[in-house]
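Remarks on the overall topology
Here is how the chains run, residue by residue.
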Amino acid sequence: MEIRALGGQGLEVAVEGLGLMGMSAHYGATDETESLATIDRALELGVTLLDTAEGYGPFVNEQLLGKALAGRRETAVIATKTGVEFTDEGAIRGHNGTPEYIHRAAERSLRHLGTDHIDLYYLHRVDPNVPVEESVGAMAELVTAGKVRHIGLCEVAPTTIRRAHAVHPLAAVQTEYSLFERGIEHDGVLDVLRELGIGLVAYSPLGRGFLSGAVTSPDDFAADDFRRTDPRFQGANFDRNLAVVEQVRRLAAEKGVTPSQLALAWTLRRGAVPIPGTKRRRYLEENVAATAVTITDADLAAIDAVAPYGVVSGDRYAPELMTALNG
């Protein structure tokens, strides 16, 4: 798989990464054996960027990745996140972007990952009670100490990106970006990333599975799958969004690819490094094959016609979670 620079700070990754969250949390039943096999297969296929966070589980997702990379740490680019506080017992306490917590959380993540350095360390959410400069300053101290190689932010506004980048250069910003979620094209985020030479990592590039074409009813989800409370999968929103997916499916069929592959190839064409999440090898292989799909200008126009900005129905998260997107 092609390797490209992620931002302008010297970090290089394969053009498509892998999101690990669903292997441990939020998407129904988990299977450690299959998850480990999926990570193995990802590395075999040339995927390098493996994305986790202390909050996924909490902790168990980092531990899973540490187990998967035992004895071959150098094969992967590890990205993990801090900024939402957890006790050592796993109880959540809300935002915490204080330097003290960031340092403490980084040490804990290093232990769970079984490594002496984190390749890309994100502030998972900006703490509204702590200036972003203080949080990024603490992350910069971890870089100086050799415990972190590069830093980034998640879900932030253009002004926050500028303030943070002035303290220490950011390698990447991670945010939701897909055919269903194109807000960064219009709110200034994409413009400031390009201006400052900061990489874009796209999470949920398949619209939390909607754009795979495999979801036909909210009843498809397990009882503990968080999508049962996701506004885009509820009632009339679901029906309207499914109609969009049907149009994406039609375009994909005309091109001889799957809907997932078309959606991912579009994200790649837009200059992002997508990190589709999966916990099964067969979906991983389908997703990786998207890197060989060429999206022409005609394809872009056809996709824009069926999935323009604002086409999706419903907020990205339930109301109580939307308040956390405060960058």
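Going by the structure above, here's the rest.
The following paragraphs examine the structure supplied in this document. (Residues numbered from 1 in each chain as written. Predicted model: local features only at pLDDT ≥ 70, side-chain atom pairs only at ≥ 80, totals over all residues. Heavy atoms only, no water.)

Some thoughts on the overall build of the chain
As a reminder of what qualifies: Numbering of helices and strands runs from the N terminus, with a helix taken as a DSSP run of H or I at least four residues long and a strand as a DSSP run of E at least two residues long. Within these notes, the globule rule equals 2.2 Å times the number of residues to the 0.38 power, and the radius of gyration is based on C-alpha atoms. Only protein chains enter the accessibility calculation, which uses a 1.4 Å probe. A residue is then buried if its area is under 20% of the maximum for its type, exposed if over 50%, and partly exposed in between. In this analysis, two residues are considered to be in contact whenever any of their non-hydrogen atoms come within 4.5 Å of each other. Areas reported here follow the Shrake-Rupley algorithm with a probe of radius 1.4 Å; residue values treat only the protein chains shown as occluding.
In terms of regular secondary structure, the chain is built from 11 helices and 12 strands. Radius of gyration (C-alpha) of the chain: 19 Å, near the 20 Å computed for a compact globule of 327 residues. The dimensions of the chain, computed from C-alpha atoms along their principal axes, are 50 × 40 × 40 Å. Counting every position in the chain, which comprises 327 residues, the buried fraction comes to 57%. Taking the contacts inside the chain whose residues are at least 6 apart along the sequence as the reference set, 73% of them involve residues at least 24 apart. For the chain, the exposed surface amounts to about 13000 Å²; the carbon and sulfur share of it is 50%.

Digging into the nonpolar core
For soluble globular proteins, nonpolar side chains are generally found buried alongside one another. How we decide: Here, the term nonpolar core denotes a set of buried Ala, Val, Leu, Ile, Met, Phe, Trp, Tyr and Cys residues that are joined through side-chain atoms within 4.5 Å.
In this structure, L50, Y121 and I161 are the most contacted members of the largest nonpolar core, which totals 82 residues. The greatest single-element share of this core, amounting to seven residues, is contributed by helix α7 (residues 235–255). For I161, the residues in contact, after removing those within four places along its chain, are L153, V156, L170, V173, V189, V192, L193, L196 and I198. Counting 16 residues, the second largest nonpolar core, distinct from the first, contains L11, A79, Y122 and Y317.

Remarks on the sheet that holds strand β4 (residues 49–51)
In plain terms, the rule: By the convention used here, strands pair only if DSSP detects at least 2 bridges between them. Note on geometry: axes are C-alpha line fits, over the in-contact stretch for helices, and angles between N-to-C directions span 0 to 180 degrees.
Read across the sheet, eight strands follow the order β3-β4-β5-β8-β9-β10-β11-β12 without closing on themselves; strand pairing throughout is parallel. The strands lining the two open edges of the sheet, one partner per strand, are β3 (18–19) and β12 (273–274). When strand β11 (residues 199–203) meets β12, the two strands line up parallel, connected through two bridges. Bridging across to β12, A202 finds its partner in P274. Docked against the sheet, helix α4 (residues 132–144) engages β8 (118–123) and β9 (148–154), running at close to 160° with respect to β9.

Points about helix α8 (residues 259–269)
Taken across its 11 residues, α8 has 10 buried, putting it largely inside the fold. The set of residues buried in α8 consists of P259, S260, Q261, L262, A263, L264, A265, W266, T267 and L268. On its buried face, α8 is in contact with β1 (3–5), β11, α7, β12, α9 (281–288) and α10 (297–306). Looking one or two places after α8, you find G271, whose phi comes out positive at around 95°.

Some thoughts on unusual backbone geometry
Peptide bonds are trans in most cases, and residues, glycine excluded, mostly fall at negative phi. Following G57, the chain continues into P58 via a peptide bond in cis, with omega recorded as -5°. Here P58 shows up in the loop between β4 and α2 (60–68). Even without glycine at this site, S204 takes up a positive phi of about 50°. In this structure, S204 sits in the loop between β11 and α7. Looking at S204, the relative accessible area reads 14%, which means it is buried. Phi angles above zero are rare outside glycine, and R208 is one such case at about 55°. One can find R208 in the loop between β11 and α7. Given a relative accessible area of 6%, R208 falls into the buried group.

Description of the pairing of strand β5 (residues 77–82)
To keep things clear, this is the line we draw: Throughout, right-handed denotes a crossover for which the path from the first strand over the helix to the second runs clockwise when the strands point away from the viewer.
Along β5, six of the six residues are buried, which leaves the element largely enclosed by surrounding structure. The side-chain alternation of β5 yields two buried faces, one formed by V77, A79 and K81 and the other by I78, T80 and T82. Direction of pairing for β4 relative to β5: parallel, over a ladder of three bridges. Note that in β5 the partner of D51 across the bridge is A79. For the crossover from β4 across α2 to β5, the handedness is right-handed. In the sheet, β5 pairs with β8 via four bridges, with the strands oriented parallel. Within β8, the residue paired with K81 across the bridge is Y122.

Notes on the packing of aromatic side chains
Keep this limit in mind: Any Phe, Tyr or Trp ring, taking Trp's six-membered ring, that has another such ring centre within 6.5 Å forms a pair; planes under 30 degrees apart are called stacked, those over 60 apart edge-to-face, and the others tilted.
If you walk through the whole model with that rule in mind, you get six aromatic pairs. Ring centres of Y177 and W266 lie 5.3 Å apart, and the angle between their planes is 40°; on these two criteria the pair is classed as tilted. With a gap of 89 residues between them, Y177 in the loop between β10 (172–176) and α6 (189–196) and W266 in helix α8 connect regions that are remote in the sequence. Ring geometry for F180 versus F210: centroids 5.6 Å apart, planes at 70°, classification edge-to-face.

Shape is all these values report; function is a separate question.
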